[in-house]
Amino acid sequence: MKGTHIGEFQEIVMLSILILKENAYGVTIQEEIDTRMGRKISRGALHTALTRLEEKGFISSNYGEPTSERGGRRKRYYEVTNKGLATLQEAKELREGMWDLIPKLT
């Protein structure tokens with residue numbers, strides 16, 4: 001697919017959204033990446049990636065209901081679109097195909 005390339009960090013963000021399902025919002029995505037990757041990321045870096053992924057049509061977002069614990073603010077929830085799923089599948093197949101070409105290391 002032309003124009004559907006994603007970088008490693010964007011791929012990790014999208015995979016985290018898929019893992020979290022309906023609980024995918026900024027803080028939980030950041031925690032998921034921290035936990036699974038052992039990699040601390042800044043809130044700014046995450047939001048930049050989320051914005052770019054949404055602009056490309058790979059994810060979509062919507063706001064939840066306001067909560068008193070957040071001072072009446074709403075959480076912004078993310079989900080991976082069909083276009084995003086196809087892009088992830090393409091990236092996975094490309095990587096697996098390249099790994100398959102490497103001679104067995106003993």
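Scroll up to find the structure this text is about.
To keep things clear, this report deals only with the structure shown in the data block.

Here's the deal with the overall build of the protein
Link 1 in the chain: A tally of regular secondary structure across the protein gives four helices and two strands.
Link 2 in the chain: Counting from the amino terminus, the protein carries its helices and strands in the arrangement α-α-α-β-β-α.
Link 3 in the chain: By its C-alpha atoms, the protein is 55 × 30 × 20 Å across when sized along the principal axes.
Link 4 in the chain: A total of 106 residues make up the protein; the buried ones form 34% of that total.
Link 5 in the chain: Relative to all contacts within the protein whose residues are 6 or more apart in sequence, the contacts with residues 24 or more apart total 53%.
Link 6 in the chain: Of the side chains in the protein, 17 bear a positive and 15 a negative charge, and the two mean positions are spaced by 4 Å.

Some details on the pattern of salt bridges
Link 1 in the chain: Taken as a whole, this structure holds five salt bridges when the rule is applied.
Link 2 in the chain: With a shortest N-O distance of 3.8 Å, aspartate 34 and lysine 40 are connected by a salt bridge.
Link 3 in the chain: With relative accessibility at 19%, the residue aspartate 34 sits in the buried group.

Considering the packing of helix α1 (residues 8-20) against helix α3 (residues 43-56)
Link 1 in the chain: The contact between α1 and α3 brings their axes to 10 Å, and the two run at 85°. On the basis of the axis angle, α1 is roughly perpendicular to α3. Every residue of α3 that contacts α1 at Phe9, Gln10, Val13, Met14 and Ile17 is listed here: Ala45, Leu46, Ala49, Leu50, Arg52, Leu53 and Lys56.
Link 2 in the chain: Here the residues of the contact of α1 with α3 sort into nine nonpolar, one polar and two charged.

Points about the side chain of threonine 87
Link 1 in the chain: Looking at the secondary structure, you find threonine 87 in helix α4 (residues 82-100).
Link 2 in the chain: Take threonine 87: its relative accessible area is 2%, and that puts it in the buried class.
Link 3 in the chain: At 2.9 Å, the side chain of threonine 87 and the backbone oxygen of lysine 83 are in polar contact.

Brief notes about the environment of tyrosine 63
Link 1 in the chain: Locating tyrosine 63 in the fold gives a position in strand β1 (residues 59-63).
Link 2 in the chain: Each C-alpha atom, one on tyrosine 63 and one on glycine 7, is 26 Å from the other, the two residues being 56 residues apart in sequence.
Link 3 in the chain: Sequence-distant contacts of tyrosine 63, defined by excluding residues within four places in its chain, comprise Arg74, Lys75 and Arg76.

Calculation criteria
Residues numbered from 1 in each chain as written. Predicted model: local features only at pLDDT ≥ 70, side-chain atom pairs only at ≥ 80, totals over all residues. Heavy atoms only, no water. Helix = DSSP H or I, 4+ residues; strand = E, 2+ residues; numbered from the N terminus. Buried < 20%, exposed > 50% of the residue type's maximum accessible area, 1.4 Å probe, protein only. Contact = heavy atoms within 4.5 Å. Lys, Arg positive; Asp, Glu negative; His and termini not counted. Charge placed at Lys NZ, Arg CZ, Asp CG, Glu CD. Salt bridge = Lys/Arg side-chain N within 4 Å of Asp/Glu carboxyl O. Axes fitted to C-alpha atoms, helices over the stretch in contact; angles between N-to-C directions. Parallel < 35°, antiparallel > 145°, perpendicular 65-115°, else oblique. Nonpolar A, V, L, I, M, F, W, Y, C, P; charged D, E, K, R; others polar. Polar contact = N/O pair within 3.5 Å; in protein donor to acceptor, adjacent residues only side chain to side chain.

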